[in-house]
Amino acid sequence: MEHAMKFVQLIGSLDRKERPVDPISKPSGPGEDSGPKRPETDSPSRDNLMKRMKKVDPKQAEKYRQRTGE
Amino acid sequence: MSSIRLFGIETEYGIAREDTETADPVVESMELVRAYLDGHFTCRWDYRGEHPHEDQRGFRVTELAQDKEEDLFAEQDAHRPFSFHEMKSDLVLPNGARFYNDHTHPEYSTPECRTIKDIVAHDRAGERILWVAAQRRNEVLGGRVVQLYKNNTDFHGHSYGCHDNYLVPRAINFDNLVRGILPFLVSRQVIAGAGKVGREAQERGFTPGGFQLSQRADFMETELSVDTMHNRPILNTRDEPHATRERYRRLHLILGDANMCEYTTALKIGTTRVVLDMIAEGFVPSFDLASPVAAIQAISQDPDLKTVVKRQEGGTISGLDIQREYVEQARRVLTNIDEETQWILQEWELVIDQLQKDPLQLVGKIDWVTKRWLLESFVQDEGIGWDDPWLASLDLEYHNIDPERGLFCGLEVEGRATSISQEDDIQEAMKNGPLDTRAGLRGLCVQRFGEDINSIQWEGVHFNGKNGTLHLDLLDHLEPVSVAHCRAALEAAKTPLEMINSLAIQK
C-alpha cells in the first residue's frame, strides 16, 4: 500500500502541469487563462503522444470484452 | 423554491486481464475491489435503501427489462464458491465513497458533494483509488496485467454506465422536471460527450467508421424508463431518493459518458445543476423536441455540429443552439447567481462560442474534441482510414487510467489538459469526504468507529451496541449547519454511543 501511495503521489506531482482553474474563488473573464492555446501541429509533446499512440495494439479493442452494465 | 445542492457520480470501470482469455469477470472485479483493502473483507453495506422497481411517475414496476439477465447471472454465480455479499465486496471508504463490484464492473460512487470543485476532485480521487487497487492486484498476479478503463463501451455492443445524481425537491412536479430538462439532456453531449469511433447497437456489435460525440447515445432507446441495463432511457425514472422521500427526489441520470477531462466533468455537473435551479425557479423551455431519442443519436453522429433536429412546435434546432438557448435563459431566470454559478455560466457560454468558431481551442478541456484531435492526428500520420480497427483501440486507450499507457494520461504528462483540481485537492479527496455534506460524516464514521459498524449505506450507519444496534440517521443531515453539528459530535465522541447520546441531547 505504501509503495502504491508513493507512486500515486509521484505521478500526481509529475503529471499535472496545467495551471488549475478554480471554479469557486477566481472567476476570470471569458477566455482569460482558462485553457490551453490552440494545439501546435508539430511539437515535442505531440511527438510523445504519437509515440504513445503507436504503441497501442491495433487489435486491443477487438480483444476487449465486457458484460453489459448499467 | 430554494434547493439543496448535493450531487455525486457513479462510474463503472471496464476491467481487462491481458495475460489470459479465460479470466472470470466476476472474480476479477471482486478481487480488484478487495485489493484496495488493508485487511479482510467484511460485508457491511445495507441494501435495504435500494428500490430499483419504484418509479418516479408514481408506480412500482413488477419487473425490470434486465431481470431475466440478472436471474441468469445469479444462476451462474450460484456455482461460484462465493456468497452474494462476497461477490459484491461492497466497501464504504474513509472518504465516504462506495467502492464495489457491480455487474462485473468495479464501481466507484463518489461521496455526495456540494460544489463543483469537490465533485471534480472526488471523481479524480476515484481514478487514483482504482489505480492503487490495480497496482496491488498486479503485485499479486506478478505483472502489469490488469488494466482499467474509465469509459462506457467494449466496442462489441456492451455498455456500462457513468451516472450523475442530483438531489431535487419533490415539490418540483415530475412532469415539469422532465419537460424542463429533456432538451438540455439530449444536447448535453455537445459539451460533455467523451467521443467514440464507430457505431454500436445494444448487444448487436460494432460498426467501424466515423466519429461521434457520445459513448452512450447509441444505447439510448427511450425517453423515460425505470430500466438501466436494457431499454435505457434519456431520463431514468427510478425513485430511490436516498433522502426523506416526502421532501426529495434523486435525479438519476444514466445517459452521460465517463469523462477524463476535469473541465468536462465540471461543465457536465455544473450545467445540469444550473438547469435544475432554473426548473426550481419555474423555467419551462420554449420548445419540446419531436423525437428525443432520434435527436440524441443524430446530434451525437455529427461532430461538426451542423445537424438540426425537429421541434414539436415546428422548425428545427441544432444541439449547439439548444445549449445556447439554455444558457441565455439561465441568465434571465436565475435571480441569485453566486460565484460558482457565475463561473459555470461564463465557461458554458465560452465553450458554446468556441465550439462554433474554433473547437480546437477546447483540446484538453472537452473530451470529445480532445479525442477527435488525437485520432485525427493519428489518421493523418499513419495514412489510415476512419474505419481502421486501430482507431477503436486508440479510443479505448484514451480511457486507460494507467499513467504510462493511457492517452489522456499522456496529455496530462505533456501539460495539455486543463485542471480544475490541484494535486492536494485530489490527495485530500482520496482520504476524506467533503466537510459540508453527510458523506464526510459517513467517512468519519468509517475512520473513527470502523470496527463498530454493523451496517452502512447512503442514508445512515448502524453501530454494534451492548444493548442492540445504535443508529446514526443521515437522512436529515443535508444542510451544512446540520452536518457541522453532527461532525462536532462525531469528532468529540470516544464511542458511537457517546456520539449518539450527544446528538440526542442537541435535538
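Think of each chain on its own: its residues are numbered from 1, step by step along the sequence as written. As they are written, the chains are lettered A onward and the ligands numbered 1 onward, keeping that order. Per-residue local features of the predicted model are confined to residues with pLDDT of at least 70, and side-chain atom pairs are confined, for both listing and counting, to 80 or more; whole-chain, interface and lining totals are unaffected and use all residues. Heavy atoms throughout the structure, all of them, feed into the side-chain values; hydrogens and water do not.

A few words now on the overall build of chain A. Each helix is a run of DSSP H or I of at least 4 residues and each strand a run of E of at least 2, with the numbering of both proceeding from the N terminus. Secondary structure assignment for chain A yields 3 helices and 0 strands. Secondary structure elements in chain A, listed N-terminal to C-terminal, are α-α-α. Only the protein chains shown count as cover for residues, with accessible areas throughout obtained via the Shrake-Rupley method and a probe of 1.4 Å. Of the roughly 4300 Å² of accessible surface on chain A, 51% is carried by carbon and sulfur atoms.

Turning our eyes to something else, we now look at the interface of chain B and chain A. Note on contacts: a residue pair is in contact if any heavy atoms of the two residues lie within 4.5 Å. The interface of chain B with chain A comprises 94 residues on the first partner and 55 residues on the second. Carbon and sulfur atoms make up 56% of the area that chain B and chain A hide from each other, which totals about 6600 Å². Every case where a carboxyl oxygen of Asp or Glu lies within 4 Å of a side-chain nitrogen of Lys or Arg is listed as a salt bridge. For the pair chain B and chain A, the interface holds 3 salt bridges. Glu70 of chain A is the salt-bridge partner of Arg238 of chain B, the closest N and O atoms lying 3.2 Å from each other. Mapped by element, the contributors of at least two residues to the side of chain B that touches chain A are β2 (14-17), α2 (67-77), α4 (116-141), α10 (339-357), α11 (367-382), α12 (390-398), α13 (407-413) and α14 (423-431) of chain B. The leading source of residues in the side of chain B that touches chain A is α4 of chain B, at 9 residues. In this count, Pro and Cys sit with the nonpolar residues alongside Ala, Val, Leu, Ile, Met, Phe, Trp and Tyr, while Asp, Glu, Lys and Arg are called charged and the others, Gly among them, polar. Per-class residue counts for the side of chain B that touches chain A are 35 nonpolar, 29 polar and 30 charged. Once two parts are brought into contact, the accessible area they lose, counted with a 1.4 Å probe and summed over both, makes up the buried area.

Right, let's talk about the nonpolar core for a bit. All names here are of chain B. To define a nonpolar core, start from buried Ala, Val, Leu, Ile, Met, Phe, Trp, Tyr and Cys residues and group those joined through side-chain atoms within 4.5 Å. Exposure categories follow from relative accessible area, calculated using a 1.4 Å probe and restricted to protein chains: below 20% of the type maximum is buried, above 50% is exposed, and the middle band is partly exposed. In this structure, Trp348 and Leu355 are the most contacted members of the largest nonpolar core, which totals 100 residues. Among the elements that make up this core, the one with the highest residue count is helix α7 (residues 262-280) (10 residues). Among residues more than four places away in sequence, those in contact with Trp348 are Phe184, Ile191, Leu267, Thr271, Val274, Val275, Gln323, Tyr326 and Val327. In this structure, Tyr13, Phe41, Ala134 and Val145 belong to the second largest nonpolar core, which totals 26 residues.

Time to look at the sheet that holds strand β19 (residues 468-473) of chain B. Strand-to-strand pairing in sheets goes through backbone hydrogen bonds, with the strands running parallel or antiparallel. Residue and element names in this part refer to chain B. Should DSSP find at least two bridges between two strands, the strands are regarded as paired. Strand order in the open sheet formed by 3 strands is β17-β18-β19, with antiparallel pairing between adjacent strands. A single partner strand is all that each edge strand has here, and the edge strands are β17 (453-457) and β19. Between one strand and the next, the sheet's axes are offset by a mean angle of 15 degrees, whatever the strand orientation. Of the pairings in the sheet, the one linking strand β18 (residues 460-465) to β19 comprises 6 bridges and is antiparallel in character. Helix axes are fitted to C-alpha atoms over the stretch in contact, other axes to C-alpha atoms as well, and angles between N-to-C directions run from 0 to 180 degrees.

Attention shifts here to the environment of His399 of chain B. Structurally, the position occupied by His399 of chain B is in the loop between α12 and α13. Discounting residues that sit within four places of it in the chain, His399 of chain B has contacts with Leu148, Tyr149, Lys150, Asn151, Ala194, Gln215, Ala258, Met260 and Lys371 of chain B.

For the rest of this paragraph, the subject is the side chain of His53 of chain B. Take His53 of chain B: it is sitting in the loop between α1 (25-35) and β3 (54-55). If near-sequence neighbours (up to four positions away) are discounted, His53 of chain B is found in contact with Phe59, Arg60, Val61, Thr62, Glu63, Leu64, Asp67 and Val226 of chain B.

You can see Glu69 of chain B is positioned in helix α2. The contact partners of Glu69 of chain B, leaving out residues within four places of it in the chain, are Thr68 of chain A together with Glu203, Met229 and His230 of chain B.

This paragraph deals with the pairing of β17 of chain B. Burial within β17 of chain B is extensive, with 4 of its 5 residues counted as buried. In textbook terms, the turn of a hairpin is the stretch between consecutive antiparallel strands, and for β17 of chain B and β18 of chain B this stretch comprises 2 residues.

Every residue is assigned a pLDDT by the predictor, reflecting its confidence on a scale from 0 to 100. Mean pLDDT over chain A stands at 65; residues scoring 70 or higher make up 44%. Segment residues 26-37 of chain A is flagged for pLDDT under 50; beyond a separation of four residues in sequence, or across chains, it makes 25 contacts in the model.

For the rest of this paragraph, the subject is the pairing of strand β9 (residues 162-169) of chain B. Looking along a regular strand, one sees side chains alternate from face to face of the sheet. Residue and element names in this part refer to chain B. With respect to burial, β9 is a largely interior element, 8 of its 8 residues being buried. The alternating pattern of β9 places Cys162, Asp164, Tyr166 and Val168 on one face and His163, Asn165, Leu167 and Pro169 on the opposite face, and all of these are buried. Where β9 meets strand β14 (residues 248-253), 6 bridges bridge the pair, whose relative direction is antiparallel. Paired with Val168 across the bridge in β14 is Arg249.

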